[in-house]
Amino acid sequence: AQSVTQPDIHITVSEGASLELRCNYSYGATPYLFWYVQSPGQGLQLLLKYFSGDTLVQGIKGFEAEFKRSQSSFNLRKPSVHWSDAAEYFCAVGAWAAGNKLTFGGGTRVLVKP
Amino acid sequence: DAGVTQSPTHLIKTRGQQVTLRCSPKSGHDTVSWYQQALGQGPQFIFQYYEEEERQRGNFPDRFSGHQFPNYSSELNVNALLLGDSALYLCASSLGIPRGEQFFGPGTRLTVL
C-alpha cells in the first residue's frame, strides 16, 4: 500500500525568504508524485508533477521539487515566497497499477509573515 | 473551457439522512474520482468511475455509493449520515485510466448535525 508523510504541519516563513516543504512517500514501484496547493475554501490546484525523467521538476508559481529515490522524498521548494503563497500544501503519490488513485499526505500549512 | 464543477457548494443534513452530491467533469474528461477531506486532513480516496462503472474503491463503507452518467457526470450518495461524514467532498476528473492528470473541483462542504 502506498503512503505519504508530510512531517511539518505548520511552517511560518517571512515574505521574500525561501521555503522548503518536506514529503516522504512509501510505494513499492516507481511512484508518480504530485504537489497540490489549497487556498481556504478552495479545491486543489496542481503545482507540479513527477512521472519520470529529470528528477528536478519545475512547476507553476515559481515552485520546484526534487525527486530523490534513495531517500523516498519529493520536497517542494520556492526561492522567495510571496504573501499569496500562504495556503495548505499537499503531497500525493499516484499509482498507475491502482487506476491512478491518489494518496495524499496530511498537508503543511504555510503562513507568510510580512 | 469550464473546469470541474460541483453542486451544491454547501449542504447541512442531520444524522440518518441521505445526501447526493453532483460533479461535472472538465470538458473532454471521462473519468471521475471522489475524495473526502475531513477538517485539517488530506483528501482520502473514496472511489473512481470510468465508463459508468466503479473501477477503484477506497476504504469507505457501503453507505457511500456513486454513479456515472453517459455524459461522464457523476453523483456521490451517502446514506444513513453520521456526524463523522462532515467533510469537504472533492471531485476530480481526468482523461482515461490509469494515466491522466486529475483536475479538482472546488468541493462540496457537507455538515452533519
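Look above for the structure.
Values in this document were obtained by computation on a predicted structure and should not be read as measured data. (Residues numbered from 1 in each chain as written. Chains lettered and ligands numbered in written order. Predicted model: local features only at pLDDT ≥ 70, side-chain atom pairs only at ≥ 80, totals over all residues. Heavy atoms only, no water.)

Enquirer: Requested: an account of the overall build of chain A, with residues and values cited.
Expert: For chain A, the count of helices and strands is zero helices and 12 strands. A compact globule built from 114 residues should have a C-alpha radius of gyration of about 13 Å, and chain A, at 14 Å, falls within 12% of that. Within chain A, buried positions represent 50% of all 114 residues. Taken as a whole, chain A presents about 5200 Å² of accessible surface, with 49% of it coming from carbon and sulfur. In chain A, 10 positive and 8 negative side-chain charges are present, and the distance between their average locations comes to 5 Å. (Helix = DSSP H or I, 4+ residues; strand = E, 2+ residues; numbered from the N terminus. Rg over C-alpha atoms; globule rule 2.2 N^0.38 Å. Buried < 20%, exposed > 50% of the residue type's maximum accessible area, 1.4 Å probe, protein only. Areas by Shrake-Rupley, 256 points an atom, 1.4 Å probe, with all protein chains shown as cover. Lys, Arg positive; Asp, Glu negative; His and termini not counted. Charge placed at Lys NZ, Arg CZ, Asp CG, Glu CD.)

Enquirer: Tell me about unusual backbone geometry, residues and numbers included.
Expert: Residues and elements named next belong to chain B. Note that the residue after S7, namely P8, is joined by a cis bond; omega there is -10 degrees. If you trace the backbone, P8 turns up in the loop between strand 1 (5-7) and strand 2 (10-13). With phi around 50 degrees, E51 is a residue other than glycine that occupies positive phi space.

Enquirer: Describe the state of the cysteines, with residues and values.
Expert: All names here are of chain A. Under the criterion given, the structure shown has two disulfides over all chains. With its sulfur 1.9 Å from that of its partner, C23 forms a disulfide with C91. In this structure the cystine formed by C23 and C91 twists about its S-S bond by roughly -65 degrees; its chirality is therefore left-handed. Placement of C23 in the loop between strand 3 (19-21) and strand 4 (24-26) and of C91 in strand 10 (residues 87-95) is noted, with a sequence separation of 68 residues between them. Grouping residues by exposure puts C23 and C91 together as buried. (Disulfide = S-S within 2.5 Å.)

Enquirer: Run through the packing of aromatic side chains, naming residues and quoting values.
Expert: Enumeration according to the criterion identifies 16 aromatic pairs over all chains in this entry. Measuring from centroid to centroid gives 5.6 Å for F63 of chain A and Y89 of chain A, while their planes differ by 50 degrees, and the two rings are tilted. Of this pair, F63 of chain A sits in the loop between strand 7 (56-58) and strand 8 (64-68) while Y89 of chain A sits in strand 10, and the two are 26 residues apart along the sequence. Of the two residues, F63 of chain A and Y89 of chain A, neither departs from the other in class, the shared state being buried. With a centroid separation of 6.1 Å and 75 degrees between ring planes, the pair formed by F104 of chain A and F104 of chain B is classed as edge-to-face. Of this pair, F104 of chain A sits in strand 11 (residues 101-104) while F104 of chain B sits in strand 10 (residues 103-104), which puts the two residues in different chains. Classification of F104 of chain B by relative accessible area gives buried; the value is 11%. Across the ring face of F103 of chain B, the terminal group of K26 of chain B is positioned such that the distance to the ring centre comes to 5.2 Å. (Phe/Tyr/Trp six-rings, centres within 6.5 Å; stacked < 30°, edge-to-face > 60°. Lys NZ or Arg CZ within 6 Å of the ring centre and 35° of its normal.)

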